[in-house]
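This is what each chain is made of:
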Amino acid sequence: MRHIPSLRRVAAAGVAVLTTLTTLTALTTLTVPALGTLAAPTAVAAPDDQSQSQSQTQTATGDPSSKITADLTMPDGTKAETVENRWFVQLSSPGTAAGGSQAAIEAEHADLAKAIKDAGIDAQVTTEYETLWNGVALSVGDADVDSLARLDQVVAIKPVVAIPRPDDAAGDDRTDADKAEGISSPQMTHALGMTGADVVQSKLGYTGSGVKIGIIDSGIDYDHVEFGGTGTPGAETPDGDGSTAFPTSKVVAGYDFVGNAYGDPNVAEESARYKAVPDAYPDDCKGHGTHVAGIAAAKGTPGTEQVTGVAPDAQLGAYRVFGCAGLTSAEILTAAMEKAGDDGMDIVNLSINAEYMVFQDYPTAVAAENLASKGVIVTNSQGNGGEAG
């Protein structure tokens, strides 16, 4: 396990507290090991048990269909929305973060691809995972999933869940004048004092120096001066989506996994709606990720109206998993966690309802557990529906 120095732990604790203020979420934030207590029926299993439990089930029944989980149940008893014709396939070895062999994992991926081709299954690998979870996401017709389960290389098959974006509107008690003025609720002006983070900075001297915080959200507006940008939209540079080249001195890493239209409900055909158009520039077209990043690490000028975050000297990673409207998916979220880990983030914040993170043996849960086991502090919203939770 990689140990984070005490200074990083203090800064991380402040970030976890202030994440509760994220754009009208006003919610409790949990570290990943506590997620299992949220809903006992879907509690996270230990990553080391993942392959063994699935293999034992298959051996006991001799039925390939036992590999398939067709539906996932939310803590309130409803079925989770899934992405049509998109499935996770788990392979035998654990990810490298859990002790898996890189060579063995690569061989398993190659064997799966060959087996799919030899069986004549019309399936396309859309994302490969090797670090925090070992498997792939596939575009495959729902009718072909039974054929996929018959392959010896396949340990388990689970649907890719659609995940709603953070709700900026629920419980919004601002007046029309407040909204016109651009005032956010809760107001960041008082956030540091309300949480005691100002004491951590002024009395204890902890400002996040040396800490990297990954924001998995709608991106970050790195044109903003608090994030090392020019402060103006300006003409686009060749190396960014705005007037500031990416990365900046503040937002030092990141990736746009989706593009602007991913998950947009106005796109009628589901296969087109969930077609990712990634690029290297995780700019924010919605604002939520920028707000979260400001809470965590904005470095405004003292005595001005600029925002100062919990850890103003920390650096940021921006991992864009939401387009400009609509949903994201567990496929994208798992990939973002792997990238944040690979980029050396000390803290990873997900403004995602925790109920989407606790499906047993599910890739998002296993990835989060393995990220935490490597010493990364992972925080997640217990709910994300504005002030109403």
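Analysis parameters
- Residues numbered from 1 in each chain as written.
- Predicted model: local features only at pLDDT ≥ 70, side-chain atom pairs only at ≥ 80, totals over all residues.
- Heavy atoms only, no water.
- Helix = DSSP H or I, 4+ residues; strand = E, 2+ residues; numbered from the N terminus.
- Buried < 20%, exposed > 50% of the residue type's maximum accessible area, 1.4 Å probe, protein only.
- Contact = heavy atoms within 4.5 Å.
- Areas by Shrake-Rupley, 256 points an atom, 1.4 Å probe, with all protein chains shown as cover.
- Phe/Tyr/Trp six-rings, centres within 6.5 Å; stacked < 30°, edge-to-face > 60°.
- Pairing = 2+ DSSP bridges.
- Axes fitted to C-alpha atoms, helices over the stretch in contact; angles between N-to-C directions.

Any chance you could break down the overall build of the chain for me, citing the residues and the numbers?
Scanning the chain from N- to C-terminus turns up 11 helices and 11 strands. Going through the 389 residues of the chain one by one, you find that 51% of them count as buried. Sequence separation of 24 or more characterises 76% of the internal contacts of the chain that already satisfy a separation of 6 or more. Total accessible area on the chain is roughly 16100 Å²; 50% of this is exposed by carbon and sulfur atoms.

Outline unusual backbone geometry, supporting the account with residue identities and numerical values.
In the segment running from F246 into P247, the intervening peptide bond is cis, with an omega of 0 degrees. Inspection of the secondary structure assignment puts P247 in the loop between β6 (212-217) and β7 (251-256). A positive phi angle is found at N85, which is not glycine, with a value near 60 degrees. You will see that D361, though not glycine, has its phi angle at about 60 degrees, which is positive. Tracing the chain through its elements places D361 in the loop between β10 (347-353) and α11 (363-373). On the accessibility criterion, D361 (6% relative accessible area) is buried.

Outline the packing of aromatic side chains, listing residues and values.
Each aromatic ring pair is characterised by the separation of its centres together with the angle its planes make. As enumerated under the stated definition, the model contains 8 aromatic pairs in all. Pairing F88 with Y362 gives two aromatic rings, centres 5.4 Å apart and planes at 85 degrees, and the pair type is edge-to-face. Placement of the pair is F88 in strand β2 (residues 82-90) and Y362 in the loop between β10 and α11, with a sequence separation of 274 residues. Per residue, the accessibility class of F88 equals that of Y362, and both read buried. One aromatic cluster is present, built from ring pairs that chain together F88, Y129, W133, F359 and Y362.

An account of the sheet that holds strand β3 (residues 123-129) is needed here, citing residue identities and associated values.
The 5 strands lie next to each other as β3-β4-β2-β5-β9, forming an open sheet whose pairing is antiparallel. The outermost strands of the open sheet, each flanked by one partner alone, are β3 and β9 (328-329). Where helix α3 (residues 102-118) meets the sheet, it contacts β2, β3 and β4 (135-140), and its direction lies at approximately 20 degrees from that of β4.

Explain the pairing of β4 to me, and be specific about the residues and the numbers.
Burial analysis of β4 places 5 of its 6 residues in the buried class, which makes it a mostly covered element. With 5 bridges joining them, β2 and β4 adopt antiparallel strand pairing. Residue pairing for β4: R86 is matched across the bridge by S139. A loop of 5 residues connects β3 with β4, the two strands running antiparallel in sequence.

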